[in-house]
There are 2 protein chains.
Amino acid sequence: MTRLFMLLALTPALCLAQSPADSGPAPSNVGNAEYPRIHSDLRVTFRIEAPEARKVQLVPGMGRVENNGYNGLGKDPYDMVRDDKGVWTVTTPPVVPGFHYYWFLVDGVPVNDPGSETFFGFNRQTGGVEVPGPGVDFYLPKDVPHGVVRIQPYHSRITDTVRTAYVYTPPDYDANHDARYPVLYLQHGGGEDETGWTRQGHANFILDNLIAEGKARPMIVVMDRGYARKPGEPPRQQWGGPASTTLEEVFLREIIPMIDARYRTIADRDHRAMAGLSMGSGQTFQITCRNLDTFSHIGLFSRPPDQDIELKTVFGGLFIDAGAFNRRVHLFYWNAGTAEPRIYQTGKALTGALKAMGVDTVWVESPGLAHEWQTWRLALNDFAPRLFRKP
Amino acid sequence: MTRLFMLLALTPALCLAQSPADSGPAPSNVGNAEYPRIHSDLRVTFRIEAPEARKVQLVPGMGRVENNGYNGLGKDPYDMVRDDKGVWTVTTPPVVPGFHYYWFLVDGVPVNDPGSETFFGFNRQTGGVEVPGPGVDFYLPKDVPHGVVRIQPYHSRITDTVRTAYVYTPPDYDANHDARYPVLYLQHGGGEDETGWTRQGHANFILDNLIAEGKARPMIVVMDRGYARKPGEPPRQQWGGPASTTLEEVFLREIIPMIDARYRTIADRDHRAMAGLSMGSGQTFQITCRNLDTFSHIGLFSRPPDQDIELKTVFGGLFIDAGAFNRRVHLFYWNAGTAEPRIYQTGKALTGALKAMGVDTVWVESPGLAHEWQTWRLALNDFAPRLFRKP
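Residue positions are counted from 1 within each chain, in the order its sequence is given. As a convention, the first chain written is A and the first ligand written is 1, with the rest following in written order. Under the rules for a predicted model, residues below a pLDDT of 70 receive no local features and side-chain atom pairs below 80 are neither given nor counted, while totals for whole chains, interfaces and linings still include all residues.

*Asks:* So what exactly am I meant to see when it comes to the overall build of chain A here?
*Replies:* Helix numbering and strand numbering both begin at the N terminus, where a helix is a DSSP run of H or I of at least 4 residues and a strand a DSSP run of E of at least 2. Per the secondary structure count, chain A includes ten helices and 19 strands. Using C-beta atoms placed from the backbone, we call a residue buried if 20 or more other C-beta atoms fall within 10 Å of its own, exposed if 12 or fewer do, and partly exposed for counts in between. For chain A, the residues scored as buried account for 49% of the 391 residues in total. By definition, residues are in contact whenever their C-beta atoms, placed on the basis of the backbone, come within 7 Å of each other. Summarising the internal contacts of chain A: among those between residues at least 6 apart in sequence, 71% fall at separations of at least 24.

Okay, structure coming up:
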């Protein structure tokens, strides 16, 4: 028996660990809300008032099969316990640091925690808790020059709607009137929207930090909406299905021309990248590989394995002539967490097969991470420094 | 009996009026959500699935006394009716066009509508429904040049936090590298945050439209957070209490210098305005009147009557020398809706007394409107064209 274990077994240390002194409000809480609280050992305490409820659970926000029924907060719903005032509480075991979707199930009705900010996911506003990772600060706002994220409305003739792009411009953008910048188009996942990479992903702070350290080239990052349909077109399957051709049209005929017109871009294929997570990786795969005259850098984060692809025939046999592909594509990057098993295994197998065909492919994995935003923050942090390095 | 009434009484016209053909999803719905639905006669149908619930109500989101227990959606909670599948529904009578906060009360627990976007209000993420007003489009994104709203992080030494300003820059800002612009500082209400004027208020579209029509001078609009406390300082009363001095310090020593450094402002008092709604009007009143070397235009929208002021003594007797005040202040503007009675009556009385003292004061009222965003959209639309007209 180690000394530490003895201490835990013989003293009220565990009780102390649960005291407020050893915990603090999550960074994702609203205003002065005290709950959820993060404990120093990464347990999290959740609380909701529901005096009349008969059963209340905490539900880790899980996607479907990609997540293997798991996010870093846990696998199954946690039963919460009622006190005599009708306040329900639960403390989880230590969780994985990062951002986790969650909600309460109050007598079967999903309820967002009023003490927490919400984030667009699962096709609705959803609760989320930010669990700081000890010593991990690459996605936090450090005391470095900050870029801004611009909420950019534009009229889409194709869809007959007003769409919104979130556009990151780097810290020196406003000061350097003559500078032009390469552009990364960065797509969210299924059920999320154009706010995801900023609010859940902290893409702006990741870029600010990389640029301040000289690790990434200053670039514009365009985060648009991964849904598009023409008037009368039925809603499409959003989860992992093939990206709609309408979205491809909107990108090529509306989004990219709008960005090149309104922002000081370097408007050529060598300085245009696209990446996306989950559903967004499928959109990226289709839109880049079918339009290599427009894009030269490709990033697929946590690509769902739903559509098996035949590497010899997909995209008109694009990968058959590996030499030609390698000359045109400056970066072909895949990333997944090891705790999203089907995605991880499929991605590893596909990139292995691509390499065997002679296609220059980068494969990076995040140990222990699931189909979650911490995986995608790490992916962006690893991907962005590799962009726009060819002269 | 009029012909119309006969028609209603004798035919199934009311049933037709309730059919989907006569209604559509609210503009504030998420994705493909069908409910809430707005009917052509401005009735609104709400729906939520809660099979195990015993009682479900629709609650119009009301502030406290300022609202007189009323928003444009209604006064009291509406009981909803359960169908045999556990779906609860209610259709309101015709409502006031505009934006209305609301939530469901499911066995006593407040629940946001999963079919609707949420908006920061009541110190949490809250449901809201947008009811289009027939022929009213001054706050909609028209096909005109659009400015952007920049999410601008900055480090506040005073509060030891990273704060966020939402900064509107007008459509021509990026193209005119040498142009400089006047600045309006625009504050949200109690329980809301820096996102309110963009998401609930559509301030950016109101300015875009005014600028396109030549009615307002292109300006920068800075929408910051109406809360500030120093490390160790206790949370302050947020509703209508006196603006904290900390916020005043943050404005004068951090926000304004940051904006003047990062944006192409005309950095003098003649080109600096401040306005705010409800709690934000109290902050505006204090921060401008105590700092007339910094501000020259003042806008008070729906000022709560909580603190009676003595016009002869407030702000060190500022209003005693009306001539001096009038020479320094280019615009002293008050606005309220007639359906927020205490605010309306107090504002009307105070501005009357100010005028009697010789103080140049503008008083504008919005007939039939309550303590709600439609009132403040109209106020901004009326206020912005009056700004920065003196050479």
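*Asks:* Would you explain the sheet that holds strand β3 (residues 44-49) of chain B in this entry?
*Replies:* Sheets are built from strands that pair by backbone hydrogen bonding, the pairs being arranged parallel or antiparallel. Two strands make a pair as long as DSSP finds a minimum of two bridges between them. What the five strands build is an open sheet, ordered β1-β2-β3-β7-β6 (chain B); its pairing is antiparallel. Every interior strand has two partners, whereas the edge strands, β1 (23-25) and β6 (81-82) of chain B, have only one.

*Asks:* Would you take a moment to explain the interface of chain A and chain B for this structure?
*Replies:* Interface size is often expressed as the accessible area that is lost when the parts come together. In this assembly, 35 residues from chain A lie in contact with 36 residues from chain B. Mapped onto the side of chain A that touches chain B, the elements with two or more residues apiece are β9 (109-111), β11 (124-131) and β12 (148-156) of chain A. Top element by residues in the side of chain A that touches chain B is β12 of chain A. It accounts for seven residues. Side-chain classes follow a simple rule in which Ala, Val, Leu, Ile, Met, Phe, Trp, Tyr, Cys and Pro form the nonpolar group, Asp, Glu, Lys and Arg form the charged group, and the remainder, Gly included, forms the polar group. Residues that form the side of chain A that touches chain B fall into these classes: 16 nonpolar, eleven polar and eight charged.

*Asks:* Sorry, what's going on with unusual backbone geometry here?
*Replies:* Where the residue is not glycine, phi is negative for most of them; where a peptide bond is considered, it is trans in most cases. Residues and elements named next belong to chain A. Following Tyr35, the chain continues into Pro36 via a peptide bond in cis, with omega recorded as 0 degrees. Relative to the helices and strands, Pro36 resides in the loop between β1 (23-25) and β2 (37-39). The backbone of Leu42 sits at a positive phi, close to 75 degrees, despite the residue not being glycine. Checked against the element boundaries, Leu42 lands in the loop between β2 and β3 (44-49). Note on Leu42: 17 C-beta atoms within 10 Å, which makes it partly exposed.

*Asks:* When you look at the relation of the copies chain A and chain B in this model, what are you seeing that I'm missing?
*Replies:* A rotation about some axis, followed by a shift along it, carries one copy of the chain onto the other. Once turned by 180 degrees and shifted 0.0 Å along the axis, chain A lies on chain B with an RMSD of 0.0 Å. One copy is carried onto the other by what is essentially a two-fold rotation axis. Measuring from the rotation axis to each C-alpha of chain A, the shortest distance belongs to Arg150 of chain A, at 2.1 Å. By residue overlap, the copies meet face to face through one surface: 100% of the interface positions of chain A are interface positions in chain B. Least squares is used to superpose the copies, and the fit set is the C-alpha atoms of residues whose pLDDT is at least 70 in both copies.

*Asks:* I tried to follow the nonpolar core on my own but got confused; where do I start?
*Replies:* Among soluble globular proteins, nonpolar side chains are generally buried collectively. Working definition: the nonpolar core is a set of buried Ala, Val, Leu, Ile, Met, Phe, Trp, Tyr and Cys residues, joined through C-beta atoms within 7 Å. Among the nonpolar cores identified, the biggest contains 122 residues, and Val221 and Val222 of chain A together with Val221 and Val222 of chain B are the most heavily contacted of them. Excluding residues within four positions of it along the chain, Val221 of chain B makes contact with Tyr168, Leu184, Leu186, Ala203 and Leu207 of chain B. If you look at the next biggest cluster of nonpolar residues, it comprises 50 residues, including Phe46 and Val95 of chain A together with Leu58 and Val111 of chain B.

*Asks:* What am I meant to see in the sheet that holds strand β7 (residues 87-91) of chain A here?
*Replies:* All names here are of chain A. The strand order across the open sheet built from five strands is β1-β2-β3-β7-β6, with neighbouring strands paired in antiparallel fashion. In this open sheet, the two edge strands, each paired with only one partner strand, are β1 and β6 (81-82). Two strands pair when backbone bridges link them, and β3 and β7 are joined in this way by five bridges, in the antiparallel orientation. Bridge pairing links Thr45 to Thr91 in β7.

*Asks:* Explain helix α6 (residues 279-289) of chain A here, please?
*Replies:* In an α-helix, one turn spans 3.6 residues; hence positions three or four apart end up facing the same way. All names here are of chain A. Burial within α6 is extensive, with nine of its eleven residues counted as buried. Every buried residue of α6 is accounted for by Met279, Gly280, Ser281, Gly282, Gln283, Thr284, Phe285, Ile287 and Thr288. The inward-facing, buried residues of α6 abut β14 (183-187), α5 (245-262), β16 (272-277) and β17 (297-301).

*Asks:* Looking at this structure, how should I read the packing of helix α4 (residues 203-212) of chain A against helix α10 (residues 373-383) of chain A?
*Replies:* The axes of two packed helices give the description: the angle between them and the distance between them. All names here are of chain A. Throughout, an axis means a line fitted to C-alpha atoms (over the contacting stretch in the case of helices), and angles, computed between N-to-C directions, take values from 0 to 180 degrees. Two elements in contact, α4 and α10, have axes whose closest approach is 10 Å; the angle formed by their N-to-C orientations is 30 degrees. The chirality of how α4 crosses α10 is right-handed. Contacts between α4 and α10 involve Ala203, Ile206 and Leu210 from the first element and Arg377, Leu380 and Asn381 from the second. The residue inventory of the contact of α4 with α10, partitioned by class, reads four nonpolar, one polar and one charged. By the definition used in this description, the sense in which the near helix is turned from the far one sets the handedness, with an anticlockwise turn below a right angle giving left-handed and a clockwise turn giving right-handed.

*Asks:* Looking at this structure, I do not really get the pairing of β7 of chain A. What am I missing?
*Replies:* All names here are of chain A. Two strands pair when backbone bridges link them, and β6 and β7 are joined in this way by two bridges, in the antiparallel orientation. Counterpart to Val81 in the pairing with β7 is Thr89. Turn length for the β6-β7 hairpin, with the two strands adjacent in sequence and antiparallel, is four residues, and the turn residue Gly86 shows positive phi of about 90 degrees.

*Asks:* Quick question: what am I supposed to make of the domain arrangement of chain A here?
*Replies:* Residues and elements named next belong to chain A. Each domain's extent was defined by an automatic or database domain assignment. With domains assigned, chain A is organised as domain 1 (21-131) and domain 2 (148-386). Each of domain 1 and domain 2 has a C-alpha centre, and these two points are 30 Å apart. At the junction of the two partners, domain 1 supplies 19 residues and domain 2 supplies 20 residues. Contributions of two or more residues to the side of domain 1 that touches domain 2 are made by β8 (98-106) and β10 (118-121). Counted by class, the side of domain 1 that touches domain 2 contains seven nonpolar, ten polar and two charged residues.

*Asks:* Looking at this structure, how should I read the confidence of the model for chain A?
*Replies:* Should the pLDDT be low somewhere, the predicted coordinates at that spot are not to be read in detail. Residues and elements named next belong to chain A. Values of pLDDT, the confidence the predictor places in each residue, fall between 0 and 100. Considering every residue of chain A, the mean pLDDT works out to 91; 90% of them sit at 70 or more. Predicted confidence for residues 1-18 stays below pLDDT 50, and this span has ten contacts to residues more than four positions away or in other chains. Note on the complex model: pTM 0.93, ipTM 0.92.

*Asks:* Which parts of the structure should I look at to understand the environment of Val30 of chain B?
*Replies:* Along the chain, Val30 of chain B turns up in the loop between β1 and β2 (37-39). Sequence separation between Val30 of chain B and Thr118 of chain B is 88 residues, and the spatial gap between their C-alpha atoms is 9.3 Å. Setting aside residues up to four positions removed in sequence, Val30 of chain B forms contacts with Asn123 and Arg124 of chain A together with Gly115, Ser116 and Glu117 of chain B.

*Asks:* Hey, could you run me through helix α9 (residues 341-356) of chain B in this one?
*Replies:* Residues and elements named next belong to chain B. Here the expected span of a helix is defined as 1.5 Å times the quantity of residues minus one. Compared with the 22 Å implied by 1.5 Å per residue over 16 residues, the 22 Å span of α9 between its first and last C-alpha is a close match. Of all the positions in α9, only Ile343, Tyr344, Gly347 and Thr351 are classed as buried. In an axial view of α9, the angular spread of the buried residues amounts to 95 degrees, which keeps them on one side of the axis. Turned more than 90 degrees away from the buried face of α9, the exposed residues are Ala349, Gly352 and Ala356. Tucked inside the fold, the buried residues of α9 contact β18 (331-337) and β19 (362-366). In the stretch just after α9, Gly358 is the one whose phi turns positive, near 95 degrees. This arc is built from the directions going out from the helix axis to the C-beta atoms.

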